[in-house]
Amino acid sequence: MALNQNAPTVVPTLRYDDASAAIRFLTDTLGLTVGEVTHGPDGQVVHAELGWRNGTIMVSSRGKEPSPFDTGRACLYLVVEDPDGAHDRAVRAGAEIVMPLVDQDYGSREFATRDPEGNVWCFGTYQPAPLAPAVPS
């Protein structure tokens with residue numbers, strides 16, 4: 001199977017106790033877009049894809065049984081052209097801001113918020129260039 005060279009090749013994946021609530025928060029409060037959402041027979045989210053610009057974040061519910069994929073909390077950085085607007089949207093929606101808007105020494109303007117299950121979402125203008133592709137061994 002040939003890879004789509006235009007699709008993201010690194011896809012963060014998060015598990016939530018309440019994935020449906022997380023999806024609502026991430027879309028309504030932070031502005032991610034909903035792609036595919038698949039529910040299991042028990043109503044739990046077994047797979048969801050959320051979009052941010054040209055990136056994708058996958059979300060699902062934690063299962064009842066222990067899983068190696070239930071890794072705990074994460075910190076994600078999302079590139080945004082208007083951090084002030086993204087910040088204001090999050091504040092209006094009642095999000096917990098854990099780092100106020102700041103102009104960093106490296107030229108980025110950014111802020112950070114926490115989702116209801118403790119993941120930190122940073123939004124800023126810093127956009128590193130892609131590194132050279134790794135060569136599989």
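The paragraphs below set out a description of the structure included in this document. All figures in this text were calculated on a predicted structure; none of them were measured in a lab.

About the thresholds
Residues numbered from 1 in each chain as written. Predicted model: local features only at pLDDT ≥ 70, side-chain atom pairs only at ≥ 80, totals over all residues. Heavy atoms only, no water. Salt bridge = Lys/Arg side-chain N within 4 Å of Asp/Glu carboxyl O. Helix = DSSP H or I, 4+ residues; strand = E, 2+ residues; numbered from the N terminus. Buried < 20%, exposed > 50% of the residue type's maximum accessible area, 1.4 Å probe, protein only.

### Looking at the pattern of salt bridges
Stage number 1. Throughout the structure, instances matching the rule amount to seven salt bridges.
Stage number 2. A salt bridge links D17 to R62; the shortest N-O distance between them is 3.2 Å. Placement of D17 in the loop between β1 (13–16) and α1 (19–29) and of R62 in the loop between β4 (55–61) and β5 (75–79) is noted, with a sequence separation of 45 residues between them.
Stage number 3. You can call D17 exposed: its relative accessible area is 55%.
Stage number 4. We classify R62 as partly exposed; its relative accessible area is 25%.
Stage number 5. Linking E117 and R62 is a salt bridge whose minimum nitrogen-to-oxygen distance equals 3.3 Å. Here E117, found in the loop between β7 (109–114) and β8 (120–124), pairs with R62, found in the loop between β4 and β5; they are 55 residues apart in sequence, far enough to count as distant.
Stage number 6. Here the residues in one salt-bridge network are D17, R62 and E117, joined through shared partners.

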